[in-house]
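# Reading the structure
The lines below spell out each chain.
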Amino acid sequence: MQASHNGDPKILIALDFADEQQALALVAQLDPSQCRLKVGKEMFTLFGPDFVRALVARGFDVFLDLKFHDIPNTVAKAVAAAAELGVWMVNVHASGGPRMMQAAREALQPYGERAPLLIAVTVLTSMTGDELSQIGVLRSPAEQVLALARLTRDAGLDGVVCSAQEASLLKAELGPDFKLVTPGIRPAGSDAGDQRRIMTPEQALAAGSDYLVIGRPITQAAEPAAVLAAINAGLHG
Ligand SMILES: O=c1ccn([C@@H]2O[C@H](COP(=O)(O)O)[C@@H](O)[C@H]2O)c(=O)[nH]1
């Protein structure tokens, strides 16, 4: 697969900061043609919808990564609220089940072309097979990811969050158009931290990932924009 630099940036930078000004200082060094931005639970809880609106106003595509998981009515209202913010992508948990995912999809229909992409989290990239068995899931991570991805596809969503380790399996089983968004990306030599099912950016793209979520390897670097440029260059090489 060819990495696209301008029209469809592959890198989604996870903005996980406790300090809004620190996050905005990083954003000021970035170009929306070179990356998209992800806002997750930490920054949304601290700084709310205004922070998301500020990023959208700066021209960035924003993935609102709040992983909604609730009764269908509540999740439907939450994804519609996300659409009102003008985000590019929003997500729910696939383990909320088909009815919940369908309700989310239906809630976005009135937005037509303006609707964000709607994807579902399968198995968190921090989780191992042992941890799955501790919560009563006896399938391997790959089997569980595939089962939840099939439910997600059948509910009419646009794609899933999975690890890049499952990307080639999912592309083979679910086809090229079903989007794969993969956190747990670690450039060679960088610290895995709490992530477990990891791959390098180049491996992830080759395996079939559509979008690579990268947080700490960029945001904690001394020169984040230079690290992003190096990763983008590696994807084109
Ligand atoms: O399975 C998942 C789902 C979401 N995430 C989020 O992605 C970033 C990863 O950040 P790193 O610093 O690159 O580890 C983070 O915001 C997570 O909440 C995930 O890692 N895995």
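Residues numbered from 1 in each chain as written. Predicted model: local features only at pLDDT ≥ 70, side-chain atom pairs only at ≥ 80, totals over all residues.

### As for the site of the ligand
Rules: In this analysis, residues qualify as near a molecule or strand once their C-beta atom, positioned from backbone atoms, comes within 6 Å of it. Only Asp, Glu, Lys and Arg are considered charged, only Ala, Val, Leu, Ile, Met, Phe, Trp, Tyr, Cys and Pro nonpolar, and every remaining residue, Gly among them, polar.
As a structural note, the neighbourhood of the ligand is formed by 16 residues, with Ala 14, Thr 125, Pro 183, Gly 215 and Arg 216 the closest of them. Class assignment of the residues belonging to the shell around the ligand gives a composition of 7 nonpolar, 6 polar and 3 charged.

### Here's the deal with the UniProt feature "domain: Orotidine 5'-phosphate decarboxylase" (unreviewed entry) in the protein
In plain terms, the rule: UniProt positions are given in the numbering used here, feature names are shortened, and annotations may be inferred rather than shown by experiment. We count a stretch as a helix when DSSP gives it H or I for four or more residues in a row; a strand needs E for two or more, and each element gets its number in order from the N terminus.
According to UniProt, the "domain: Orotidine 5'-phosphate decarboxylase" (unreviewed entry) feature falls on residues 10-231. Regarding residues 10-231, the helix share stands at 43% and the strand share at 17%, and the terminal C-alpha atoms are separated by 10 Å.

### Brief notes about the packing of helix H3 (residues 72-84) against helix H4 (residues 98-108)
In a pair of packed helices, the angle between the axes and the distance between the axes together describe the arrangement. Heads up, the rule is: Every axis corresponds to a line fitted to the C-alpha atoms, with the helix fit spanning only the stretch in contact, and the corresponding angles, defined between N-to-C directions, vary from 0 to 180 degrees. Handedness of a crossing follows from how the near helix is turned relative to the far one, being left-handed for an anticlockwise turn of less than a right angle and right-handed for a clockwise one. This entry defines residue contacts through backbone-placed C-beta atoms, with two residues in contact when those atoms are within 7 Å.
Direction vectors running N to C along H3 and H4 enclose 35 degrees, while the axes themselves pass 8 Å from each other. The way H3 lies across H4 gives a crossing that is right-handed. Across the interface between the two elements, Pro 72, Asn 73, Val 75, Ala 76, Val 79, Ala 80 and Ala 83 of H3 pack against Arg 99, Met 100, Ala 103, Ala 104, Glu 106, Ala 107 and Leu 108 of H4. In terms of residue class, the contact of H3 with H4 is made up of 11 nonpolar, 1 polar and 2 charged.

### Things to note about the sheet that holds strand S2 (residues 36-39)
Let me state the cut-off plainly: Two strands make a pair as long as DSSP finds a minimum of two bridges between them.
Ordered in space as S1-S2-S3-S4-S5-S6-S7-S8, the 8 strands form a closed barrel in which the pairing is parallel. Averaged over neighbouring strand pairs, the angle between their axes works out to 25 degrees when direction is ignored. Direction of pairing for strand S4 (residues 89-93) relative to strand S5 (residues 117-121): parallel, over a ladder of 5 bridges. Its bridge partner lying in S5, His 93 is registered against Val 121.

### Details of helix H10 (residues 224-236)
The condition is simple: The span you would expect from a helix comes to 1.5 Å times its residue count less one. Whether a residue is buried, exposed or partly exposed follows from its count of other C-beta atoms within 10 Å of its own C-beta, namely 20 or more, 12 or fewer, or something in between, respectively; the C-beta atoms are built from the backbone. What the arc describes is the spread of directions from the helix axis to the C-beta atoms.
Between its first and last C-alpha, H10 extends 19 Å over 13 residues, near the 18 Å set by a 1.5 Å rise per residue. Taken residue by residue, H10 has Leu 228, Ile 231 and Leu 235 as its buried positions. Along the axis of H10, the buried residues cluster in a sector spanning 65 degrees; they form a single face. Residues of H10 that are exposed and point over 90 degrees away from its buried face: Ala 226, Ala 233 and His 236. Taken together, the buried residues of H10 touch strand S1 (11-15), helix H8 (201-207) and helix H9 (216-219).

### Overview of helix H6 (residues 141-154)
Taking 1.5 Å of rise per residue, the 14 residues of H6 would be expected to cover 20 Å, and the 20 Å separating its terminal C-alpha atoms lies within 8% of that figure. Those residues of H6 that sit buried are Pro 141, Gln 144, Val 145, Leu 146, Leu 148, Ala 149, Thr 152 and Arg 153. Where H6 is buried, its residues meet H4, S5, helix H5 (129-134), strand S6 (159-161) and helix H7 (167-174). In the stretch just after H6, Gly 156 is the one whose phi turns positive, near 90 degrees.

### Let's talk about the environment of Ala 25
Position of Ala 25 relative to the elements: it lies in helix H1 (residues 20-27). Between the C-alpha atom of Ala 25 and that of Gly 86, which follows or precedes it by 61 residues, the distance is 22 Å.

### Section: the pairing of S1
We count it as follows: Note on handedness: a crossover is taken as right-handed if, strands pointing away from the viewer, the path from the first strand over the helix to the second is clockwise.
Counting buried residues along S1, 5 of its 5 residues qualify, which places the element largely inside the surrounding structure. In S1, alternate side chains face the same way, and those of Ile 11, Ile 13 and Leu 15 on one face and Leu 12 and Ala 14 on the other are all buried. Taken together, the 3 bridges between S1 and strand S8 (residues 211-214) define a ladder with parallel strand orientation. Looking across to S8, one finds that Leu 12 is bridged to Val 213. In this fold, the crossover linking S1 to S2 by way of H1 has right-handed handedness.

### What to know about the nonpolar core
Counted only if it meets this: Take the buried Ala, Val, Leu, Ile, Met, Phe, Trp, Tyr and Cys residues, join any whose C-beta atoms are within 7 Å, and the set you get is a nonpolar core.
In this structure, Leu 12, Ile 13, Val 62, Val 79 and Ala 104 are the most contacted members of the largest nonpolar core, which totals 66 residues. If one sorts the elements of this core by residue count, H4 sits on top with 6 residues. The contact partners of Val 62, leaving out residues within four places of it in the chain, are Leu 37, Val 39, Val 52, Leu 55, Val 56, Val 87 and Trp 88.

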